[in-house]
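One-letter residues, chain by chain:
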Amino acid sequence: PESTDRSVRRSNTDTKRHSQIDPVFKPTHFSDPTEDRKSKAKGRETTATMAAAAPTRDAKFTFTYVDREFGPLKHKETAEFLSKWTMFDSMRVTTFKFDQKFVAFELADFLKDLFNSAEVLSCLETLVTVRGHWAAIGGQPGECDSVTHSTVDCTATSMEFFDRLYDCQLLRKDGNIVGCAPEYLDHGFVINQELGKAMLMDESDHYDTFSLTDRNELIFKIFQHLTLGGPLNQYEDSIGPYFETTKLFYKSLISVAKNPKTQKVQVTSVGCEIKEVGGRSSLFPQEDHPQNFFYAVVNPTKREVSLWYHAWCG
């Protein structure tokens, strides 16, 4: 990402035009695994549970750990920002390959296979204490009888999604974030910017800048988590670092392809937020915090799934 100063200079010359995500990608063909997506209810929490009387389903998907560091986390400047926001040490992205064709309506079964995989159980780590102790999620294959999750939309293809932050004057023309009197909220948040209030407080005058549908977009969730930060967060005065880090994460998590009919780039990934894994202990050392999150993003073309995890350790 660019430095804060460079981001502000860019905002001075063009406050409402951000680098589009799509030209960065190199789509070669269109493969749309989400054709059945219209049958899902957006953001609805879903539980995939095997009935006790039903025959046990044989696993369809086999998973293999990908020994590859997640790009944004190995980028020096991004790591420095995440450390400043006290998120770096409590965050991981783990990737696994899978061996079968994936379509969106199979997501529930896919997640059960994922958390019943011996490879995943031994390689996927979560935080078990607020002092930063990581350990394999553990358990035995076959123990997971349900995965509670909510669907997350992946349709945005441009950072223009956030232009409305200028329109509603949460950001100044030079890219600086409008401040406010400190608000001391539950969960240890101290909000001193109007942007933070719009992200978190439904009583904010600017909360409706993003609709419920907008808030269920993966790109919004990335931005929201980054701007809220961790327990010792040092907020940025300029929007540049937040925009650049959001763009890097989003580009690295999703996959895209060009539709031959429309010649437009669209996202082919399928995303969800994992709330609970049946047969497992708690996923987070401190329960019920907005900055606890665990997202799964499936890339059907590459046959990979990336698991983005963060725990609040305040």
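Residues numbered from 1 in each chain as written. Predicted model: local features only at pLDDT ≥ 70, side-chain atom pairs only at ≥ 80, totals over all residues. Heavy atoms only, no water.

Novice: Honestly, the overall build of the protein in this entry has me stumped. Any pointers?
Specialist: Scanning the protein for helices and strands turns up 10 helices and 13 strands. Of the contacts formed within the protein by residues at least 6 apart in sequence, a portion of 73% connects residues at least 24 apart. Working note: accessible area of the protein is about 14,800 Å², and carbon and sulfur atoms make up 46% of it. (Helix = DSSP H or I, 4+ residues; strand = E, 2+ residues; numbered from the N terminus. Contact = heavy atoms within 4.5 Å. Areas by Shrake-Rupley, 256 points an atom, 1.4 Å probe, with all protein chains shown as cover.)

Novice: How should the nonpolar core be read in this particular structure?
Specialist: Among soluble globular proteins, nonpolar side chains are generally buried collectively. Formed by 49 residues in total, the largest nonpolar core has its most connected members in Phe162, Leu165, Phe223, Ile239, Phe243, Tyr250 and Trp308. Listed by contribution, the elements that provide at least two residues to this core are α3 (76-84), β3 (91-98), α6 (164-167), α7 (194-200), α9 (218-228), α10 (240-253), β10 (265-267) and β12 (293-299). Broken down by element, this core gets its largest block of residues, seven residues, from α9. Apart from the residues within four sequence positions on either side, Phe223 is in contact with Phe162, Leu165, Leu195, Met199, Ile239, Tyr242, Phe243 and Thr246. (Core = buried A, V, L, I, M, F, W, Y, C linked by side-chain atoms within 4.5 Å. Buried < 20%, exposed > 50% of the residue type's maximum accessible area, 1.4 Å probe, protein only.)

Novice: Looking at this structure, I do not really get the side chain of His225. What am I missing?
Specialist: Mapped onto the fold, His225 is located in helix α9. If near-sequence neighbours (up to four positions away) are discounted, His225 is found in contact with Met87, Pro290, Gln291, Phe293 and Tyr295.

Novice: In this structure, what is going on with the packing of aromatic side chains? I would like to understand it.
Specialist: The description of two aromatic rings rests on the distance between their centres and on the angle between their planes. Tallying each qualifying case throughout the model produces 29 aromatic pairs. Here Phe115 and Phe294 contribute two aromatic rings whose centre-to-centre distance is 6.2 Å and whose plane-to-plane angle is 80 degrees, an arrangement assigned as edge-to-face. In this pair, Phe115 is assigned in helix α4 (residues 107-115) and Phe294 in strand β12, connecting sequence segments 179 residues apart. The residues Phe115 and Phe294 share a single accessibility class, namely buried. (Phe/Tyr/Trp six-rings, centres within 6.5 Å; stacked < 30°, edge-to-face > 60°.)

Novice: Even after reading the chapter, I still don't get α3, so can you show me in this structure?
Specialist: Note on helix geometry: an α-helix contains 3.6 residues per turn, so any two residues three or four positions apart are oriented the same way. Taken as a whole, α3 has its buried residues at Thr78, Ala79, Phe81 and Leu82. The buried residues of α3 all sit within an arc of 160 degrees when viewed along its axis, so they share a single face. Looking one or two places after α3, you find Thr86, whose phi comes out positive at around 50 degrees. (Arc of directions from axis to C-beta.)

Novice: Please explain α9 as it appears in this structure.
Specialist: Most of α9 is tucked away, with 11 of its 11 residues classed as buried. Listed in full, the buried residues belonging to α9 are Leu218, Ile219, Phe220, Lys221, Ile222, Phe223, Gln224, His225, Leu226, Thr227 and Leu228. One or two residues past the end of α9 sits Gly229, with phi positive at roughly 70 degrees.

Novice: Help me understand the packing of α9 against α10 in this model?
Specialist: Any two packed helices are characterised by how steeply their axes cross, that is the angle between the axes, and by the distance between the axes. At a closest axis distance of 9 Å, the pairing of α9 and α10 adopts a crossing angle of 135 degrees. Here α9 lies oblique to α10, going by the angle between them. Crossing angle aside, the handedness with which α9 passes α10 is right-handed. Seen from α9, the contacting residues are Leu218, Ile219, Ile222, Phe223, Leu226 and Thr227; seen from α10, they are Tyr242, Phe243, Thr245, Thr246, Phe249, Tyr250 and Leu253. Of the residues that constitute the contact of α9 with α10, the class distribution is 10 nonpolar, three polar and no charged. (Axes fitted to C-alpha atoms, helices over the stretch in contact; angles between N-to-C directions. Parallel < 35°, antiparallel > 145°, perpendicular 65-115°, else oblique. Left-handed = near helix turned anticlockwise from the far one by under 90°. Nonpolar A, V, L, I, M, F, W, Y, C, P; charged D, E, K, R; others polar.)

Novice: Just checking my understanding: could you explain the pairing of strand β7 (residues 179-184) for this structure?
Specialist: Two faces belong to every sheet, and in a regular strand the side chains alternate between them. In this sheet, strand β8 (residues 190-193) lies alongside β7 in antiparallel orientation, the contact comprising three bridges. In the strand pairing of β8, Tyr184 is matched with Val190. (Pairing = 2+ DSSP bridges.)

Novice: What exactly am I supposed to notice about the pattern of salt bridges here?
Specialist: Oppositely charged side chains may form a pair once their charged atoms are brought near each other. For the structure on display, the rule yields 10 salt bridges. The residue Arg280 makes a salt bridge to Glu143 at a minimum N-O spacing of 3.6 Å. Here Glu143 lies in the loop between β5 (134-136) and β6 (146-152) and Arg280 lies in the loop between β11 (270-277) and β12, a separation of 137 residues in the sequence. (Salt bridge = Lys/Arg side-chain N within 4 Å of Asp/Glu carboxyl O.)

Novice: Would you mind showing me how to read the packing of α3 against α10 here?
Specialist: Running from amino to carboxyl end, α3 crosses α10 at an angle of 115 degrees, the nearest separation of the two axes being 11 Å. Our pair here, α3 against α10, has a crossing hand that is left-handed. Note on element contacts: α10 touches α3 through Pro241, Thr245, Leu248 and Phe249, opposite Thr78, Phe81 and Leu82. Residue composition of the contact of α3 with α10, by class: five nonpolar, two polar and no charged.

Novice: Could you clarify how one ought to interpret the environment of Ser122 in this entry?
Specialist: With respect to the secondary-structure elements, Ser122 resides in helix α5 (residues 118-123). A residue is classified by how much of its surface remains accessible, and Ser122, at 47% relative accessible area, is partly exposed. Counting along the chain gives 15 residues from Ser122 to Ile137, while the straight-line C-alpha distance between them is 7.0 Å. Side-chain polar atoms of Ser122 contact the backbone oxygen of Ala118, separated by 3.1 Å. (Polar contact = N/O pair within 3.5 Å; in protein donor to acceptor, adjacent residues only side chain to side chain.)

Novice: Sorry, what's going on with unusual backbone geometry here?
Specialist: With the exception of glycine, the majority of residues adopt a negative phi angle, and the majority of peptide bonds are in the trans configuration. Although it is not a glycine, His187 sits at a positive phi angle of roughly 70 degrees. Its location among the elements puts His187 in the loop between β7 and β8. At Arg303, a position not held by glycine, the phi torsion is positive, near 55 degrees. Among the structural elements, Arg303 can be located in the loop between β12 and β13 (304-310).

Spatial relationships are all this shows, so hold off on functional conclusions.
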